[in-house]
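# Observations on the three-dimensional arrangement
The residues making up each chain are set out below.
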Amino acid sequence: AHNGTLVLAGNNASVIAIDMSVRELPFERIIKSIWATLWMWDMAPRPGSPKGYLWHNTKLQGVRAYPVAADDNSAYVGIRHADASGTIVALDINNGNTEWIKHFDSALTTSAAFVDDFLLISTRSGGLHLIDKYSGESLWNFEIGSKLETAPALGINGIVAVTTGGKIIAIR
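Criteria and cut-off values
The residue numbering used here restarts from 1 in each chain and proceeds along that chain's sequence as written. With pLDDT at 70 or above as the cut-off, local features in this predicted model cover only qualifying residues; side-chain atom pairs require 80 or more to be listed or tallied, and sums for whole chains, interfaces and linings still use all residues. Based on all heavy atoms of the structure, the side-chain values leave hydrogens and waters out of the count. Strand pairing requires that DSSP identify at least two bridges connecting the strands. Only DSSP runs of H or I covering at least 4 residues are called helices, and only runs of E covering at least 2 are called strands; the numbering of each starts at the N terminus. Between N-to-C directions, angles cover 0 to 180 degrees, with each direction set by a line fitted to C-alpha atoms, over the stretch in contact for helices. To pair, rings of Phe, Tyr and Trp, with the six-membered ring standing in for Trp, must have centres within 6.5 Å; the planes then decide the type, stacked if under 30 degrees apart, edge-to-face if over 60, and tilted in the middle. Relative accessibility thresholds used throughout: buried, under 20% of the residue-type maximum; exposed, over 50%; partly exposed, between the two (1.4 Å probe, protein chains only).

### As for the sheet that holds strand 1 (residues 5–9)
Ordered by their spatial adjacency, three strands build an open sheet running 1-2-3, and the pairing between neighbours is antiparallel. Edge positions in the sheet fall to strand 1 and strand 3 (53–57), since each has one partner strand and no second. On average, adjacent strands in this sheet sit at an angle of 15° to one another, irrespective of strand direction. Relative to strand 3, strand 2 (residues 15–19) is paired through four bridges, and the arrangement is antiparallel. Bridge pairing links Ile16 to His56 in strand 3.

Okay, structure coming up:
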């Protein structure tokens, strides 16, 4: 969530954004449930979008999507593909349109770290990647040599990553 916008993702690389500041009226959920039932029986018009619904992106290709990070302008979503490769996609936080796409040979870990105008991401195969958050351009890559399950952490003097075997690696 960022500034009241919650980005959710799931199977088939589907992504949805919800405004968390919107509230329902008393009994609204019950009324909408009855309305949806009547609509299914062709006795009422199609119900509107739920309160707080901002956008839904179903155009991404992949097996599973998961939110990686968000800022004032973009939501960054990781996509896992059937061939075990991965993609990070920047989506406009206001409308869900794709801003850029960056492909990797391995799936991404579950989150990223912001470093000023850059994203620090890691892949399950052990790669650390610093990319420009505005363009998706790769600035540097570092191969740890061991598999990763978690995102890297930023410290005062560098980057810390933990491998699946529990080995802690610090990079200055």
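That covers the picture; the talk isn't over yet.
### Thoughts on the sheet that holds strand 10 (residues 127–132)
Strand pairs in the sheet, formed through backbone hydrogen bonds, run parallel or antiparallel to each other. Taken in spatial order, the four strands line up as 8-9-10-11 in an open sheet, and their pairing is antiparallel. Whereas interior strands pair on both sides, the edge strands pair on one side only; in this sheet they are strand 8 (113–115) and strand 11 (138–143). Sheet twist, expressed as the average angle between the axes of neighbouring strands with direction ignored, equals 20°.

### Brief notes about the packing of aromatic side chains
All chains considered together, the criterion is met by two aromatic pairs. Considering the side-chain rings of Tyr76 and Trp100, the 6.1 Å spacing of their centres and the 40° angle between planes classify their relative orientation as tilted. Of the two residues, Tyr76 is situated in strand 5 (residues 74–80) and Trp100 in strand 7 (residues 98–104); the sequence distance between them amounts to 24 residues. A single burial state applies to Tyr76 and to Trp100, both of which are buried. On the numbers, 5.9 Å between centres and 70° between planes, the contact of Tyr76 with Phe114 is edge-to-face. Residue Tyr76 is found in strand 5, and its partner Phe114 is found in strand 8; the two are separated by 38 residues along the sequence. Note on Tyr76: relative accessible area 1%, which makes it buried.

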